[in-house]
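For reference, the chains in residue letters:
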Amino acid sequence: MSQSTIQPSTFQFLTDLSANNNRDWFAQHKGRYQASLENMVGFADALLAEMNRHDLIETPSGKKALFRIYNDVRFSKDKSPYNARFAMSFRRATKERRGGYYLNLKPANCFLACGFFNPNPEDLKRIRFDIEDDYEGWQKILGSKAIKSAYGDMQGNTVATAPRGYSVDHPAIELLRHKSFIFRHTFTDEEVLSENFLLEVSRVFKAIRPWLDHMSEVLTTDRNGVPLP
């Protein structure tokens, strides 16, 4: 079988694990888990190679990109021992390239996401300065055909009214309200199991590059465009 294609047996394992989320069942089906994990490592390796055709990724391997299937239940109300999904993330290389890519594969809940989830206060302040200084530039990037068709509108949690220091009447208030800056694209199970899924994931990730490159420049310079030490 092609390791760059998600196999139906992998999705069936996740479906069955969701319905039998306990250690005894998992132990009895450890072979199915290992086969599914092997499928996902192969897919992640192939996606990493494809991503490196249009970006520079520092994640060293598909195996390193994958999240553990085992839940950390120490501080969680959900005591299920396993997370019935496969997920992976890819980090852009060097401190000059900010942002990253995330892919979640779970039957009936498959999506990819990228952007900045709850940036630290200094980064958030710098982003808001850029929105204030270059609102038209943000509108142009976010309104581009490639981003709109791949992601729709930017998502992410926001403040209720206006950030401190900004008026609710500011023309860029809808962007300034953001505390997170997230782009999300969902897939059907049929799309995930198709032969061209890997290339489609890479294509959708590639569409966000103009915004990630802009954010990289913003977050590595001060408000005057001077590189940060």
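Bear in mind the structure is a predicted one, so any value in this text is a computation, not a measurement. The written sequence of each chain sets the order in which its residues are numbered from 1. Note on the predicted model: pLDDT of at least 70 is required for a residue's local features to be given, and 80 or more for side-chain atom pairs to be given and counted; whole-chain, interface and lining totals, by contrast, use all residues. With hydrogens and water set aside, each side-chain value is computed from the structure's full complement of heavy atoms.

Asker: Summarise the layout of surface pockets; cite the residues concerned and give the values.
Answerer: One water molecule sets the probe size; rolling that probe over the atoms shows where empty space is left. Roughly 240 Å³ of internal volume is contained in the largest pocket. If you go around the largest pocket, you meet 16 residues; those closest to its centre are Leu142, Lys148, Asp153, Met154 and Leu175. Of all the secondary-structure elements, those providing two or more residues to the lining of the largest pocket are α6 (135–142) and α8 (173–176). By residue number, the principal contributor to the lining of the largest pocket is α6, which donates 4 residues. Nonpolar residues are Ala, Val, Leu, Ile, Met, Phe, Trp, Tyr, Cys and Pro. Charged residues are Asp, Glu, Lys and Arg, and all others, Gly as well, are polar. Each residue belonging to the lining of the largest pocket can be placed in one class, and the counts come to 9 nonpolar, 4 polar and 3 charged. The rule is simple: put a 1 Å grid over the protein atoms alone, call a set of points where a 1.4 Å probe fits but cannot get out a cavity, call an open set with protein on both sides within 12 Å along at least five of seven lines a pocket, and count a residue as lining if it has an atom within 4 Å of a point. Grid points are joined across faces, edges and corners, and a volume is the space filled by probe spheres set on the points. As a volume, the second largest pocket reaches approximately 200 Å³. At 3 residues, the largest contribution of residues to the lining of the second largest pocket is made by helix α3 (residues 30–51). Helix and strand definitions here come from DSSP, where helices need a minimum of 4 consecutive H or I residues and strands a minimum of 2 consecutive E residues; each element is numbered from the N-terminal end.

Asker: Please provide a residue-by-residue account of the packing of aromatic side chains, values included.
Answerer: Pairing of aromatic rings covers Phe, Tyr and Trp, the last counted by its six-membered ring, and requires centre-to-centre distances within 6.5 Å; plane angles under 30 degrees mean stacked, over 60 mean edge-to-face, and any other angle means tilted. As enumerated under the stated definition, the model contains 18 aromatic pairs in all. Between phenylalanine 26 and tyrosine 82, the ring centres sit 4.1 Å apart and the planes meet at 15 degrees, which makes this aromatic pair stacked. Within this pair, whereas phenylalanine 26 is found in helix α2 (residues 23–28), its partner tyrosine 82 is found in the loop between α4 (62–65) and β1 (86–91), the two being separated by 56 residues in sequence. You'll find phenylalanine 26 and tyrosine 82 in the same group, each marked buried. Lysine and arginine charges are scored as sitting over a ring when NZ or CZ, respectively, is within 6 Å of the ring centre and within 35 degrees of the ring normal. We note arginine 184 situated over the ring of phenylalanine 111; from NZ or CZ to the ring centre the distance is 3.8 Å. In this arrangement the basic side chain of arginine 223 is found over the ring face of phenylalanine 129, its NZ or CZ atom lying 3.9 Å from the centre. Between buried and exposed lies partly exposed: a residue is buried under 20% and exposed over 50% of the maximum accessible area for its type, with that area taken using a 1.4 Å probe on protein chains only.

Asker: How would you summarise helix α1 (residues 8–19) if you had to cite specific residues and measurements?
Answerer: In this scheme, a helix's expected span is set at 1.5 Å multiplied by one less than its residue total. Across its 12 residues, α1 extends 17 Å between first and last C-alpha, which sits within 8% of the 16 Å expected from 1.5 Å per residue. Taken together, the buried positions of α1 are occupied by Thr10, Phe11, Phe13, Leu14 and Leu17. Along α1, the residues classed as buried sweep out an arc of 155 degrees about the axis, all on the same side. Of the exposed residues in α1, those oriented more than 90 degrees away from the buried face are Pro8 and Ala19. What makes two residues a contact is simply this: any of their non-hydrogen atoms within 4.5 Å. Each element contacted by the buried residues of α1 is listed here: α2, α3, β1, β2 (100–105), β3 (110–116) and α9 (189–192). Here the arc refers to the directions that run from the helix axis out to each C-beta atom.

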